[in-house]
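Examination of the molecular architecture
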Amino acid sequence: RLCLMFFAALACLPVRADDAQPAPGQNLQVSVQRDHDEFNVSASLLLAEPPCVVYAVLTDYTRLPEFIPGMQEIGVERISEHEVRVKQVAIVRVLFFRIRMYSTVEMEETPNQLITFRQTDGDLAAYGGEWRLTPVREGTQLNYHASLSFKGYVPGFIARAKLEQEIGTRFAAVEVEAQTRSRREARTCQAGH
């Protein structure tokens, strides 16, 4: 009888076909380390799309609220050909609370390769880092590195868990948007650019 229950339970498990695509963000690797008051975040995700598609998603600042959960408002000011000032408001859920976060971030863009950023004003004490896009045989290796610190005290275990969750949610959203754009706008860019 126990054996029958075991096999019945196994039969209820989802079966994945060999050619099925992993869920968005499934192969995401995230690391959050605390160094005194500073949190260092690293994340890496392999995407099937070429760097030009992923770069187009990351730099389409005005459309971020359409596909990034929690992103509410965006203001974009182009400073130069490769520099952008982005003012953003996001809603972050922590436990039972909804917290409104504001920041002004200056971005420096190296097309299809690198986006560096640093907060110049906002609710965090400090925030800066980079998105790095590396072409690989499978598509794009997307790496994110950031350092941030909060203005007030935030327990480390809450901050670490929330940062991991936010990174996972945002990377999954970028992955889905890149897949959508790649199918919809196949000729927008070339894999080698």
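What you see is a predicted model, and the numbers here were worked out from it, not measured in a lab.

Some thoughts on the nonpolar core
In globular proteins that are soluble, nonpolar side chains generally tend to be buried together. Leu58, Met107, Phe117, Trp131, Leu142, Tyr144 and Phe171 are the most contacted members of the largest nonpolar core, which totals 40 residues. With seven residues, helix H4 (residues 156-184) is the single largest residue contributor to this core. Residues in contact with methionine 107, not counting those within four places in the same chain, are Tyr61, His82, Glu83, Val84, Val86, Ile115, Thr116 and Phe117.

Regarding the pairing of strand S7 (residues 124-136)
Looking at chain direction, strand S6 (residues 114-122) and S7 are connected through five bridges and run antiparallel. Considered in S7, the bridge of isoleucine 115 is made with tryptophan 131. In sequence, S6 turns back onto S7 through a hairpin of one residue. As paired elements, S7 and strand S8 (residues 139-150) share 12 bridges and run antiparallel to each other. Its bridge partner being in S8, proline 135 is matched across the sheet by threonine 140. Counting the residues between successive antiparallel strands, the hairpin from S7 to S8 contains two residues.

A short note on the environment of leucine 124
By secondary structure assignment, the location of leucine 124 is in strand S7. Between the C-alpha atoms of leucine 124 and methionine 101, which are 23 residues apart in sequence, the distance is 8.3 Å. Residues contacting leucine 124, with those up to four places away along its chain left out, are Met101, Gln119, Leu148, Ser149, Phe150 and Lys151.

Calculation rules
Residues numbered from 1 in each chain as written. Predicted model: local features only at pLDDT ≥ 70, side-chain atom pairs only at ≥ 80, totals over all residues. Heavy atoms only, no water. Core = buried A, V, L, I, M, F, W, Y, C linked by side-chain atoms within 4.5 Å. Buried < 20%, exposed > 50% of the residue type's maximum accessible area, 1.4 Å probe, protein only. Helix = DSSP H or I, 4+ residues; strand = E, 2+ residues; numbered from the N terminus. Contact = heavy atoms within 4.5 Å. Pairing = 2+ DSSP bridges.

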